[in-house]
Amino acid sequence: MESNMIEYKNMETQAFLKQGIQELNMRDGFYTFSTFLTEHWLEPEEVAAYHEVTEVPEQAKFREKAYRRCYKAVQSTGVVSRPTLRQWFGVGKAEKIVSREEVS
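Here the structure is a predicted model, which is why all the values come from computation and not from measurement.

(A) Fine view of the overall build of the protein chain. Check the secondary structure of the protein chain and you find 6 helices and 0 strands. Mapped from its N terminus to its C terminus, the protein chain presents α and β elements in the order α-α-α-α-α-α. For the protein chain, the residues scored as buried account for 33% of the 104 residues in total. Put simply, of all contacts in the protein chain between residues at least 6 apart along the chain, 48% involve residues at least 24 apart. Accessible surface, the protein chain as shown: approximately 7100 Å² in total, 52% of it carbon and sulfur.

Right under this line is the structure:
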């Protein structure tokens, strides 16, 4: 029963990531995967504040908060490693450009 639940969570997470990449491909302008993930995992009022902030250290605080929420939700599924997730959110080291092959 538990393995079925983990498998379902993995499929659900992969579907979410695929949807995100599809949305990125349809948008006009520069929109990164880390921005998509950050917006998804923040509350609506936090998203508005995130977009108002122009300083990089302040934006990093919002990305860190979103990363922690996401990691807490997916850590037990094993669908993505912690370092990879940190790169996707642009936390710590430089932001990683996510290819379609990494998500599908």
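(B) Inspection of the nonpolar core at higher detail. Counting 20 residues, the largest nonpolar core has L17, F33, L37, L42, L85, W88 and F89 as the members making the most contacts within it. Counting residues per element, the ones that place at least two in this core are helix 1 (2-26), helix 2 (33-41), helix 3 (44-52), helix 4 (56-74) and helix 5 (82-89). Looking at this core, the element that brings in the most residues is helix 4, giving 5 residues.

Rules of the game
Residues numbered from 1 in each chain as written. Predicted model: local features only at pLDDT ≥ 70, side-chain atom pairs only at ≥ 80, totals over all residues. Heavy atoms only, no water. Helix = DSSP H or I, 4+ residues; strand = E, 2+ residues; numbered from the N terminus. Buried < 20%, exposed > 50% of the residue type's maximum accessible area, 1.4 Å probe, protein only. Contact = heavy atoms within 4.5 Å. Areas by Shrake-Rupley, 256 points an atom, 1.4 Å probe, with all protein chains shown as cover. Core = buried A, V, L, I, M, F, W, Y, C linked by side-chain atoms within 4.5 Å.

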